[in-house]
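# Summary of the model geometry
Read off the chains here:
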Amino acid sequence: MSKPPIHIYFVPGMSANETIFEAIKLPDHYIIHIIPWKTPGKQESISEYAKRMAAEVKVSNAVLLGVSFGGIIVQEMSHFLRLRKLVIVSSIKTKHELPKSFRILKKSKLYKVLPTSLVDFDWQKLFWGKGSKKIATIYRKYLTVTDKQYMDWSIEKVLCWEQEKPIEGSIHIHGEKDVVFPIKNIKECISIPNGSHVIILSRARWFNVNLPKLIET
């Protein structure tokens, strides 16, 4: 007997395009949807933006998975949806999980002066260990959403996110060597040994094997 379909909606990380999920291969009864980034209004709140993104979810009882900043967005989207599971990857569940450097940047308001300059930093800094330069070079092809208004807005929303408590029942998957959101600040997650910030790419096999188990149990 065939299994009933499970709709899963993916939201990529900041500036990443839809192909960030190209290595994710789930069982046949999974129907994969990818929600691309929309251009935000300059004064649009994160809740208003999330409501527009949530409108792309056309079925109830779906699974919602977001990576990095996409993880923040799917949590905001979940307030407008009835979900089967909420999964965040390489992200944070509350403002208290932001690293100290991000909190300093928020307090100083330097991000308001040159926020989009952050887009141009060396992506190799996100990776550690053997083969890191190769992975960083490959990763560049996924970072194509660099509209200034989108980037300015997104950086501000990460730094100024105000969620106090984790959403009950959410699943958090995080790399132990994530240098964007260090795991020392993360509470209650499924940790991936030696995993970097881009485990959705580098550990796609892990997700292919374990996502169905996490979703269907």
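Let me sum up the structure you'll find in this document. (Residues numbered from 1 in each chain as written. Predicted model: local features only at pLDDT ≥ 70, side-chain atom pairs only at ≥ 80, totals over all residues. Heavy atoms only, no water.)

### Some points on the packing of aromatic side chains
Enumeration according to the criterion identifies eight aromatic pairs in this entry. Relative to Phe 69, the ring of Trp 37 lies with its centre 5.4 Å away and its plane at 15°, an arrangement referred to as stacked. Residue Trp 37 is located in the loop between strand 2 (30-34) and helix 1 (46-54), and its partner Phe 69 is located in helix 2 (residues 69-77); the two are separated by 32 residues in the primary sequence. Of the two residues, Trp 37 and Phe 69, neither departs from the other in class, the shared state being buried. (Phe/Tyr/Trp six-rings, centres within 6.5 Å; stacked < 30°, edge-to-face > 60°. Helix = DSSP H or I, 4+ residues; strand = E, 2+ residues; numbered from the N terminus. Buried < 20%, exposed > 50% of the residue type's maximum accessible area, 1.4 Å probe, protein only.)

### Regarding the pattern of salt bridges
Overall, the coordinates contain eight salt bridges when judged by the stated rule. For Glu 56, the salt bridge is made with Lys 38, and the minimal N-O distance between the two is 2.9 Å. Here the residue Glu 56 occupies a position in the loop between helix 1 and strand 3 (62-67), and Lys 38 occupies one in the loop between strand 2 and helix 1, the gap between them amounting to 18 residues. Given a relative accessible area of 33%, Glu 56 falls into the partly exposed group. The shortest N-O distance in the salt bridge between Glu 44 and Arg 52 comes to 2.9 Å. (Salt bridge = Lys/Arg side-chain N within 4 Å of Asp/Glu carboxyl O.)

### Observations regarding the packing of helix 2 against helix 5 (residues 148-159)
Where helix 2 meets helix 5, the closest approach of the two axes is 11 Å, and the angle between their N-to-C directions is 75°. Classified by the interaxial angle, the pair formed by helix 2 and helix 5 is roughly perpendicular. In contact with Phe 69, Ile 72 and Ile 73 of helix 2, helix 5 contributes Trp 153, Ser 154, Lys 157 and Val 158. In terms of residue class, the contact of helix 2 with helix 5 is built from five nonpolar, one polar and one charged. (Axes fitted to C-alpha atoms, helices over the stretch in contact; angles between N-to-C directions. Parallel < 35°, antiparallel > 145°, perpendicular 65-115°, else oblique. Contact = heavy atoms within 4.5 Å. Nonpolar A, V, L, I, M, F, W, Y, C, P; charged D, E, K, R; others polar.)

### Quick word on unusual backbone geometry
The backbone phi angle of Ser 15 is positive, close to 70°, even though this residue is not glycine. Positionally, Ser 15 belongs in the loop between strand 1 (6-11) and strand 2. Despite not being glycine, Asn 61 has its phi angle at roughly 65°, a positive value. Judged by relative accessible area, Asn 61 falls into the partly exposed class, the value being 39%.

### Side note on the sheet that holds strand 1
By way of backbone hydrogen bonds, the strands of a sheet pair with one another, either parallel or antiparallel. Spatially, 2-1-3-4-5-6 is the arrangement adopted by the six strands of the open sheet, whose pairing is parallel. A single partner strand is all that each edge strand has here, and the edge strands are strand 2 and strand 6 (190-192). Each strand of the sheet is rotated relative to its neighbour by a mean of 20°, with strand direction disregarded. Where strand 5 (residues 171-175) and strand 6 come together, three bridges link them in parallel fashion. Residue Gly 175 lies in a different strand from strand 6, and its bridge partner there is Ile 192. Across the face of the sheet, helix 2 comes into contact with strand 1, strand 3 and strand 4 (83-89) while running at roughly 145° to strand 3. (Pairing = 2+ DSSP bridges.)

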